[in-house]
Structure formats: C-alpha cells, structure tokens
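Working through the structure, step by step
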Amino acid sequence: MTRKNADARGPRVAVIGAGSWGTTFGKILADGGAQVTMWARRPEQALEIAEGKRNTKYLPGINLPRTMTATHELSTAIDGADQVYLSVPSQSLRENLKGLRPLLENTSMPIVSLMKGVERASGLRMSQVIEQELACDPERIAVASGPNLALEIAREQPTAAVIASLSQETAETVARAARNSYFRTFVNTDVIGTEFGGVLKNLIAVAIGIVDGVGYGENTKASIITRGLVEMTDFAVANGAQPETLQGLAGLGDLIATCQSPLSRNNTAGRLLGQGYSYQDVVKQMNQTAEGLASVAPILQLARESDVHMPIVEQVKMVLDGKMNPRDIAPHLTTDDDTPQEERTNHGQADGGGALRRAFQRAFHQFRNGGRSAAGD
Ligand SMILES: NC(=O)C1=CN([C@@H]2O[C@H](COP(=O)(O)OP(=O)(O)OC[C@H]3O[C@@H](n4cnc5c(N)ncnc54)[C@H](O)[C@@H]3O)[C@@H](O)[C@H]2O)C=CC1
Ligand SMILES: O=C(CO)COP(=O)(O)O
C-alpha cells in the first residue's frame, strides 16, 4: 500500500483509529494539505479507505480525499510521520499505546489526542495516559476538542476547535496542520480544561438524551444545560482548569452541539435510557463509542475527592445503575436542600466558593512554609 502522494505538500501524519472521528480528522488534515495515513484495526477497513476512498461503516456517503491512504500495520502508519493523532475508544488507549511505544520512543513528533473520555480504572485524562505509557515529554502532547460532530464535518459544514498543549509551539504546529476552509483551529495551553470540557459535556448530553427519551421539553433541557455548565466548570476548575476554557469551544461550544444533535452517540444512549432501556440493552444497541457511559463513575469519584457537587451527573449514574426512574431527572437532586439559594454563575465557585477557598488555603500553607509548596499541592 503506498503512503506518499505527490499532491499533498504538508506534514506527513498518522491517524491511529479509523472510526468516525479518526477518519473525519484524517479528512480535515488531508484537505488542509497533509499527507495522511490512517491506521485501521481491520485490514478490510484499511483497504476500503486506501482503495475505495470510503469508510462506509462510520461515514456513509462520504468520499474521502484521494490523497488519503490507510494501512492496518502500525509500523507502516508511523514510518516517516511528522505528527501522530490518536482516535481510539478511551478505554482501549493504554493497550494501543503499548504497540505504539517502540515506534515512537526515538522520535520527537507531536502526539495529539482526539479522544473525549477518562480511563475508567484510573480516572486519568487521555493526555495523562499518553504521558504515562510513552514516558514522553508532556510538551509533545496536544489535545483537540470542540463542537465537532464527525458526520457534519465530513460533509464539510464549517466549525471550529481548540488545540491545547502545555507548549504553545506544539499547539501551533498542530493547529497549522489541522485546519482548512471548513475547520478553524484556535490554540491554548489549558490542556486540563480543554480535555475535561470534552469529557464532561458527554455526561450532560446523556442527561439531555434521557430528558428527550422521557418526553420532557425545552425548559427542562435548558435548565439542565445551564446548570450542567456550572457543574462542568466547578469540576474542571477544582481539578486545575482555567474557568474561561469552559466558556469556550471546548466547553460551552461542545455542550451545545452535543446536547442538541441526534448525531451524538451520548445523546442517543441517554435517549434510549429515557425510553426505558436498561444500561445493558443500551450498550448492546450502540454500535459506536459513547464515551460518557464509561466516564460517569470515575468523574464522580474525582468530584468527591475534589469536593465538587455534581447533581446532574449523579442522576445520570443513578439512571445507569437502574436506581432512579428516568422521569425523575431534574437540574437538581430531590434530596438537595431546597431553601432558596443564590443562582451563582460565577463559575468555579458554585460549590460555595470551594475552589477559591482551596486556592486560598494552598496560598496560606505556602506562606506558612516559607514559600514552599504545601504537601499534596
Ligand atoms: N464521532 C465524533 O463525532 C467525535 C468523537 N470524538 C472522540 O473520538 C474518540 C473515538 O471515537 P469515534 O471515532 O467517534 O468512535 P467510533 O465508535 O466511531 O470508532 C471507534 C474506532 O475504534 C476502533 N476500535 C474499537 N476498539 C478498539 C481497540 N480496542 N483498539 C483499537 N481500535 C479500536 C473501532 O474499530 C473504530 O474504528 C472518542 O473518544 C470520541 O469521544 C471526538 C470528537 C467527535
Ligand atoms: O464530541 C462530539 C462532538 O463534539 C461527539 O459527541 P458524541 O461522542 O456524543 O457523538
């Protein structure tokens, strides 16, 4: 299978994972001028992309750029690449990185996560799993996130995304490759906020799906989306994110897209739950990745550890566990204190100023320790 094409003049990139998002991102890169080699798990899928310029299972009706090629051999995909993009289901990333490690260890190319999940067993974000498994400089790692429903982008409907890396230079290098006339990329250095935005909006989209499945209307959805953004921001800020990131494309932007669209797999999974299907039935019916289902438990664990209240995500978990009737879903828990409260939208403080209080405590301990960081900081 040849991997070079004389028409493409940009960087050589490998995209690992040929599902709906990996393939769409490959198209974004190829349409921006990159020389793209997709890696697909199944040889027949690699052949369909390389020869037929189609991926009918994941992107029906879409013609892929003729400069794009594919292989099912990891070494062929990585050979000669300047950048690598990862787009496999989050729960399988670690095992996939074990195969990639020997191919990447003597390289310095940017490694870009396109994924929007956390690892169920560890609660780690995908960039953390990459850093751990590849034992690489975190400044090489970038993440991409935003309102990016694959099929819309594959149809070349315009949208935007954020590329985040601890290194501004890495973010800019990736953003220069991952852009074209229908895909605009912005950069930032808030990896935590950008990644958590993508993970957390999936959970709120499951809640909105449940509301749809039950048959409730726009008021319920609007209040869950609005309070959901507060939950997302409180959680992300308590875990090290910048609050503004959650108000941008990777937070609010993606929340709107995913909650509104029937193309969203998280939204679809929620709708089935709302219609009364059990978690097991929903998993059986989904033939694509709905990351939110696996992220609920580790996110709630992290929320408890960081003292953040997430009533909407807790309700999603209760519905998944069969412990709550979907009809009872609301922007609040019925067990919550119902004395009138301020509606605080000053994000990152809706836990009663918890995030701010913790920041003051850290500063106080540091001051007491003569400028040294407090233990556990
Ligand atoms: N589809 C979308 O609109 C978007 C998806 N994402 C994220 O992209 C990531 C990938 O999702 P999609 O491509 O949408 O999923 P998908 O379900 O469309 O495709 C998953 C791909 O991974 C492969 N796969 C399954 N198990 C695997 C394993 N153990 N090892 C290697 N490959 C395996 C499948 O064969 C398939 O090619 C997810 O984290 C998702 O949240 C992010 C933005 C948009
Ligand atoms: O992340 C997405 C849109 O930005 C895709 O959402 P789903 O994984 O729910 O389809």
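Going by the structure above, here's the rest.
Just so we're clear, the structure is a prediction, and the values are computed from it rather than from any experiment.

What follows covers the overall build of the protein. Scanning the protein from terminus to terminus reveals 16 helices and 8 strands. A total of 377 residues make up the protein; the buried ones form 55% of that total. Of all intrachain contacts in the protein linking residues separated by at least 6 positions in sequence, the fraction that spans at least 24 positions is 70%. Summed over its atoms, the accessible surface of the protein is roughly 16700 Å², and 48% of this surface lies on carbon and sulfur atoms.

With that settled, the discussion passes to the side chain of Glu 231. For Glu 231, the position within the fold is in helix H9 (residues 218–238). Buried and unpaired, Glu 231 has Arg 227 as its nearest opposite-charge partner, separated by 6.8 Å. Leave out the neighbours within four places in its chain, and Glu 231 touches His 309, Met 310, Pro 311, Ile 312 and Val 313.

Once that is clear, we can look at the site of ligand 1. Every one of the 24 residues lining ligand 1 counts as a neighbour, but Ser 20, Ala 150, Arg 265, Thr 289 and Glu 291 are closest to it. Between ligand 1 and Asn 96 there is a distance of 3.0 Å, counted from a nitrogen atom to a side-chain nitrogen or oxygen. Within the backbone of Ala 150, a nitrogen or oxygen atom sits 2.8 Å from an oxygen atom of ligand 1. Within the residue set of the shell around ligand 1, elements represented by two or more residues are helix H1 (20–31) and helix H4 (93–104). Ranked by residues supplied to the shell around ligand 1, first place goes to H1 with 3 residues. In terms of residue class, the shell around ligand 1 is built from 9 nonpolar, 10 polar and 5 charged. There are two domains that each give the shell around ligand 1 at least three residues, and those are domain 1 (12–189) and domain 2 (199–362).

A word on the site of ligand 2. For ligand 2, the full set of nearby residues is Lys 116, Gly 146, Pro 147, Asn 148, Leu 149, Lys 201, Asp 254, Thr 258, Ser 264, Arg 265 and Asn 266. In this structure, Asp 254 approaches ligand 2 through a side-chain N or O atom, which is 2.6 Å from an oxygen atom. Between Ser 264 and ligand 2, the recorded distance is 2.7 Å, taken from a side-chain N or O atom to an oxygen atom. Burial of ligand 2 by the protein amounts to 91% of the accessible area it has alone, namely 300 Å². Elements that contribute at least two residues to the shell around ligand 2 include exactly helix H11 (249–260) and helix H12 (265–274). Here the residues of the shell around ligand 2 sort into 2 nonpolar, 5 polar and 4 charged. Two domains each put at least three residues into the shell around ligand 2: domain 1 (12–189) and domain 2 (199–362).

Let us look at the nonpolar core. In this structure, Phe 196, Leu 200, Ile 204, Ile 224, Phe 235, Ile 299 and Met 310 are the most contacted members of the largest nonpolar core, which totals 43 residues. For this core, the elements supplying multiple residues, two or more each, are helix H8 (191–214), H9, H11, H12, helix H14 (292–305) and helix H15 (311–320). Examining the composition of this core, we find that 12 residues originate from one element, H8, more than from any other. Residues contacting Phe 235, with those up to four places away along its chain left out, are Phe 196, Leu 200, Ile 299, Leu 302, Ala 303, Val 308 and Met 310. With 38 residues, the next largest nonpolar core counts Ala 18, Phe 25, Leu 29 and Ala 178 among its residues.

What counts and what doesn't
Residues numbered from 1 in each chain as written. Chains lettered and ligands numbered in written order. Predicted model: local features only at pLDDT ≥ 70, side-chain atom pairs only at ≥ 80, totals over all residues. Heavy atoms only, no water. Helix = DSSP H or I, 4+ residues; strand = E, 2+ residues; numbered from the N terminus. Buried < 20%, exposed > 50% of the residue type's maximum accessible area, 1.4 Å probe, protein only. Contact = heavy atoms within 4.5 Å. Areas by Shrake-Rupley, 256 points an atom, 1.4 Å probe, with all protein chains shown as cover. Lys, Arg positive; Asp, Glu negative; His and termini not counted. Salt bridge = Lys/Arg side-chain N within 4 Å of Asp/Glu carboxyl O. Near = heavy atom within 4 Å. Polar contact = N/O pair within 3.5 Å; in protein donor to acceptor, adjacent residues only side chain to side chain. Nonpolar A, V, L, I, M, F, W, Y, C, P; charged D, E, K, R; others polar. Domains from an automatic or database assignment. Core = buried A, V, L, I, M, F, W, Y, C linked by side-chain atoms within 4.5 Å.

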